[in-house]
Amino acid sequence: MNIEDVRSYFPILNQEVNGNPLVYLDSAATSQKPVQVIEALETYYREYNSNVHRGVHTLGTRATDGYEGAREKVRKFIHAKSTEEIIFTRGTTTALNTVAASYGRANVQPGDEIVITYMEHHSNIIPWQQLAKATGATLKYLPLQEDGTILLEDVKEVINSNTKIVSVTMVSNVLGVMNPIKEIAKIAHENGAVMVVDGAQGAPHMNIDVQDLDCDFLGFSAHKMCGPTGIGVLYGKKHLLENMEPIEFGGEMIDFVDLYDSTWKELPWKFEGGTPIIAGAIGLGAAIDFLNEVGLDNIQAHEHRLAAYALEKMSAVEGMTIYGPMDPDKRAGLVTFNIADVHPHDVATVLDAEGIAVRAGHHCAQPLMKWLKASATARASFYLYNSEEDIDKLVAGLIKTKEYFSDVF
């Protein structure tokens, strides 16, 4: 990877913020978009904006080809068996809620157990809380080690014959921990449970093979992987999706409507009621083309180097607390941290004055914050367009932040 070449595709990075060159370190929240994606969206709206599937005119055909072509790109991207297993959603949140509301309501009963972890994003906690309340099931949490990692021995102890659903994030958006999804899925299946994966922080950064992982469901979002907002994917094994009921009803997802009953279309369309997210899907397809051109292996290796560099440089700052494993081989390209006696919102505000964008808050992971004994943290997250120079500017900004608040107080 030539970072300057990669950065040249991202026009938003060529600007100053508060009088300083922009250093964007918030890709875990949302990534920036390359010109290929921006142009794909513009071309759709300028040249062949139309609804899909329903019309036989030229614009409708082009739109349908673009929409369904994106579905095939997603299939190849995650190595699914069939496009019937690829459902377009509004994002990871919708994907996880669909599994909980459709598969969960039909298959979970009183006395059953749902297993998740303390590190989950709220989107992978609340649907299961609601499912447990509605069905009388029990929600259980896998324990974490001191560095935030999961031991398979604990997984084997918590998951049992009562477990019906196991749902785990591929990569923690706070700790950066990369979880052993394949091994957890094997344990889940040995106990008769299905494996659900939150892939929001995994899909943008590493190769995913759902058949090798043997996960039953996987959700991820386009906006974290160079694509547009408002579009995501639910992957599900075909035999599971075929036996699930849709949770949204209306146009497009129906086969036949009578006065008092209706039947549904076949997969994947029975889960895509109404006018679908056409431009979003086309933009996601363009993002996948871009990521494939750069190479997911190259991206992951680049982020690994950045994480190792950041851990080394940031840990040298006096008063710095870094959360998650200090071994870069155990984490993805983000570092969550706090500076002693400085609120993370103040850290983010001072950094912003230097043109450096980081995240501050609970990161939609309040149970994990409680486990960390922190009300909030700051987070710097890296992607394919970041460099060691960005990290050097971050560290300089952190030292300046610490000195500023030392002088104030």
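Owing to the predicted nature of the structure, the values given are computational and were not obtained by experimental measurement.

### A few points about the overall build of the protein chain
Along the protein chain, the regular secondary structure elements total 14 helices and 17 strands. Taking 2.2 N^0.38 as the reference for a compact globule, 409 residues should give roughly 22 Å; the C-alpha atoms of the protein chain span a radius of gyration of 22 Å, in line with that estimate. The dimensions of the protein chain, computed from C-alpha atoms along their principal axes, are 75 × 55 × 35 Å. Here the protein chain, with 409 residues, has 55% of them falling under the buried criterion. Sequence-distant contacts in the protein chain: of pairs separated by 6 or more residues, those separated by 24 or more amount to 71%. If you sum the accessible surface of the protein chain, you get close to 17,400 Å²; carbon and sulfur atoms cover 49% of it. Of the side chains in the protein chain, 34 bear a positive and 54 a negative charge, and the two mean positions are spaced by 3 Å.

### Observations concerning empty space enclosed by the protein
On inspection of all chains with the given rule, the structure shows one cavity of 30 Å³ or more. Lining the largest cavity, in full, are S27, A28, V171, Q201, H205, E303, A332, G333, L334, S381 and F382. Counted by class, the lining of the largest cavity contains five nonpolar, five polar and one charged residues.

### Some thoughts on the sheet that holds strand β16 (residues 359-361)
The strand order β13-β14-β17-β16 describes an open sheet built from four strands, whose pairing is antiparallel. This sheet does not close on itself; its edge strands, each paired only once, are β13 (320-323) and β16. Direction aside, neighbouring strands of the sheet carry axes that sit 30 degrees apart on average. Strand direction decides the pairing type here: strand β14 (residues 334-339) and strand β17 (residues 377-381), joined by four bridges, are antiparallel.

### Considerations on the packing of helix α10 (residues 278-294) against helix α11 (residues 296-315)
At their nearest, the axes of α10 and α11 sit 5 Å apart, and the two run at 70 degrees to each other. Taken together, the axis directions place α10 and α11 in an arrangement best described as roughly perpendicular. Between α10 and α11, the residues in contact are L291, N292 and V294 and L296, N298 and I299, respectively. Split by residue class, the contact of α10 with α11 holds four nonpolar, two polar and no charged.

### Digging into the packing of aromatic side chains
Between two aromatic rings, the relevant description is the distance of the centres plus the angle of the planes. This structure, assessed with the given rule, holds eleven aromatic pairs. On the numbers, 5.3 Å between centres and 45 degrees between planes, the contact of F249 with W264 is tilted. Of the two residues, F249 sits in the loop between α9 (238-242) and β11 (254-257) while W264 sits in strand β12 (residues 262-264), which places them 15 residues apart along the sequence. Looking at W264, the relative accessible area reads 27%, which means it is partly exposed.

### Let's talk about the pairing of strand β5 (residues 113-117)
Of all the five residues making up β5, five are buried; the element is thus mostly covered by neighbouring parts of the structure. Along β5, one buried face is formed by E113, V115 and T117 and the opposite face, lined by I114 and I116, is buried too. Here β5 runs beside strand β6 (residues 138-142); their pairing, made up of five bridges, is parallel. Looking at the pairing, I114 lines up with L139 of β6. After leaving β5, the chain enters helix α5 (residues 126-135) and then returns to the sheet as β6, a path that is right-handed.

### Here's the deal with the packing of helix α4 (residues 92-107) against α5
Axis separation between α4 and α5 bottoms out at 9 Å; the angle between their running directions is 20 degrees. Taken together, α4 and α5 sit at an angle that is classed as roughly parallel. Two packed elements cross with a definite hand, and for α4 against α5 that hand is right-handed. Contacts between α4 and α5 involve L96, N97, V99, A100, G104 and R105 from the first element and P127, W128, Q130, L131 and A134 from the second.

Parameters at a glance
- Residues numbered from 1 in each chain as written.
- Predicted model: local features only at pLDDT ≥ 70, side-chain atom pairs only at ≥ 80, totals over all residues.
- Heavy atoms only, no water.
- Helix = DSSP H or I, 4+ residues; strand = E, 2+ residues; numbered from the N terminus.
- Rg over C-alpha atoms; globule rule 2.2 N^0.38 Å.
- Buried < 20%, exposed > 50% of the residue type's maximum accessible area, 1.4 Å probe, protein only.
- Contact = heavy atoms within 4.5 Å.
- Areas by Shrake-Rupley, 256 points an atom, 1.4 Å probe, with all protein chains shown as cover.
- Lys, Arg positive; Asp, Glu negative; His and termini not counted.
- Charge placed at Lys NZ, Arg CZ, Asp CG, Glu CD.
- 1 Å grid on protein atoms, 1.4 Å probe; cavity = no way out; pocket = protein on both sides within 12 Å on 5 of 7 lines; lining within 4 Å.
- Points joined across faces, edges and corners; volume = space filled by probe spheres on them.
- Nonpolar A, V, L, I, M, F, W, Y, C, P; charged D, E, K, R; others polar.
- Pairing = 2+ DSSP bridges.
- Axes fitted to C-alpha atoms, helices over the stretch in contact; angles between N-to-C directions.
- Parallel < 35°, antiparallel > 145°, perpendicular 65-115°, else oblique.
- Phe/Tyr/Trp six-rings, centres within 6.5 Å; stacked < 30°, edge-to-face > 60°.
- Right-handed = clockwise from strand over helix to strand, strands pointing away.
- Left-handed = near helix turned anticlockwise from the far one by under 90°.

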